[in-house]
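Read off the chains here:
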Amino acid sequence: MNIPGLLPEGLRDSLPPQAQALASLVRTLTDVCGAHGYERVAPPLIEYESSLASGSSRERLRFTDPVSQQTLALRSDITGQVGRIAVTRLAQQARPLRLMYAGQVLRVRGDQLSPERERTQAGAELIGSDGPAAAAELLQLAIAALATAGVTGLSVDLTMPTLVADLAAAGWPLGRASLAQVQALLDGKDVGALKSLGADAFVPLIAAAGPAPAAIIALRQLDLPDAILARLDAIAALAAGLDGVAVTLDPTERHGFEYQTWLGFSLFGAGLAAELGRGGAYLVPRPDGTQEPAIGFSLYVDGLVDLGLGVELQRRILLPLGTPAAEAAALRGEGWITVAALDAETGAAALHCSHIWQSGQAVPA
Ligand SMILES: N[C@@H](Cc1c[nH]c[nH+]1)C(=O)O
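Identification of the chain as ATP phosphoribosyltransferase regulatory subunit from Sandarakinorhabdus cyanobacteriorum is taken from an unreviewed UniProt entry.

Next comes the structure, spelled out in structure tokens:
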């Protein structure tokens, strides 16, 4: 098919002013992470499919490399690549290691709330710890970055991605159901089926969701193993430390948390149904077969552009033909965007200029 301008489903051109807004938002978000001690890394867009596959079951666009004959894939997430860098090239660096990144990722399929397949992720990962102090740092950093970018009405949904599996491992009876079945029934909030299969113990988890303080009280009433009670304490402290942000807890939510462990979180803002970012604790596989704890987040910058953020209102001035270069440079120095006329006819409006430079003065067009 060769229709000019037609793009494959889920892909789009970013135009003025959105393309500029995207770049300036990436800058804002990475500046906030940088100011908190995170150092930038830039992994490649494409890698061996086998190295991208570790840790994530996400579907990736793949192809055979005509040069090496190996299967390569386009990254669908940058977190795993940062982990790979941390445990290989930066394995000798002191921990915790604080790294950040920004770049494009490609998903094979979009989803209902965000149909686009190419997205820009900007995020931070702390490698070497996934404890409560690290969790508090990362969550607060994600919130600070979004707030600096101009997001209002921030809310956080906390989840415990491995909770159900951990409870089953600790001896909570699954009845006649498999772990995967119980997880699916919890996703569907299917109390009847859980009971009829003998997995009654898991039913109260459904009601223990909602505003964090109440959900935590409800969970504490269940017969939880000590290790999980300790996590709950950490989550309670985390939620209490997020001033002015609405925090909910949905303990059995796993959707989108394929590799996160004891803690996952989604970030939302006023005006957009889709999440603005997501993060959590996870384990990075080391080449020797052991694992290193880590925690981080990714922000989806396109959603911020859709909210109208990142557009800088800069004044544009038309410079008539023959304007001396020094005058033009002085105007740019004052913060003007200068647009040089190439002829005497083209007017300010056609060049999106609000002003014209006339006899040494900026005159409204
Ligand atoms: N990269 C993950 C979020 C994440 C970052 N670090 C840990 N988890 C995602 O986009 O879903």
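Back to the text.
S.K.: Could you give an account of the environment of Asp-233, with specific residues and numbers?
M.R.: For Asp-233, the location among the structural elements is in helix H10 (residues 226-240). Placed 17 residues apart in sequence, Asp-233 and Ile-216 show a C-alpha to C-alpha distance of 8.7 Å.

S.K.: Please set out the pairing of strand E13 (residues 316-319) residue by residue, giving values where relevant.
M.R.: Bridge analysis of E13 against strand E14 (residues 337-340) gives four bridges, and the strand direction is parallel. When the bridges of E14 are listed, Ile-317 appears paired with Thr-338. Crossover connection from E13 via helix H12 (residues 325-333) to parallel E14: handedness right-handed. In the sheet, E13 pairs with strand E15 (residues 355-358) via two bridges, with the strands oriented parallel. Across the sheet, residue Leu-318 finds its bridge partner in E15, namely Ile-356.

S.K.: Describe helix H4 (residues 132-148), and please don't skip the residues or the numbers.
M.R.: A rise of 1.5 Å per residue sets the reference length of H4, with its 17 residues, at 24 Å; its end C-alpha atoms lie 24 Å apart and thus fit the reference within 8%. Those residues of H4 not exposed but buried are Ala-134, Ala-135, Leu-138, Leu-139, Leu-141, Ala-142, Ile-143, Ala-145 and Leu-146. Looking at the residues trailing H4, positive phi occurs at Gly-150, about 105°.

S.K.: I'd like to hear about the pairing of strand E12 (residues 291-300), residue by residue, with values.
M.R.: When you tally the buried positions in E12, you get eight out of ten residues, the bulk of the element. Strand direction decides the pairing type here: strand E6 (residues 118-127) and E12, joined by seven bridges, are antiparallel. In the sheet register, Leu-126 faces E12, and the bridge partner there is Ile-295. With antiparallel pairing between neighbouring strands as the criterion, strand E11 (residues 277-285) and E12 make up a hairpin whose turn holds five residues, including Gly-289 at a positive phi of roughly 95°.

Thresholds, definitions, all that
Residues numbered from 1 in each chain as written. Predicted model: local features only at pLDDT ≥ 70, side-chain atom pairs only at ≥ 80, totals over all residues. Heavy atoms only, no water. Helix = DSSP H or I, 4+ residues; strand = E, 2+ residues; numbered from the N terminus. Pairing = 2+ DSSP bridges. Right-handed = clockwise from strand over helix to strand, strands pointing away. Expected span 1.5 Å × (residues − 1). Buried < 20%, exposed > 50% of the residue type's maximum accessible area, 1.4 Å probe, protein only.

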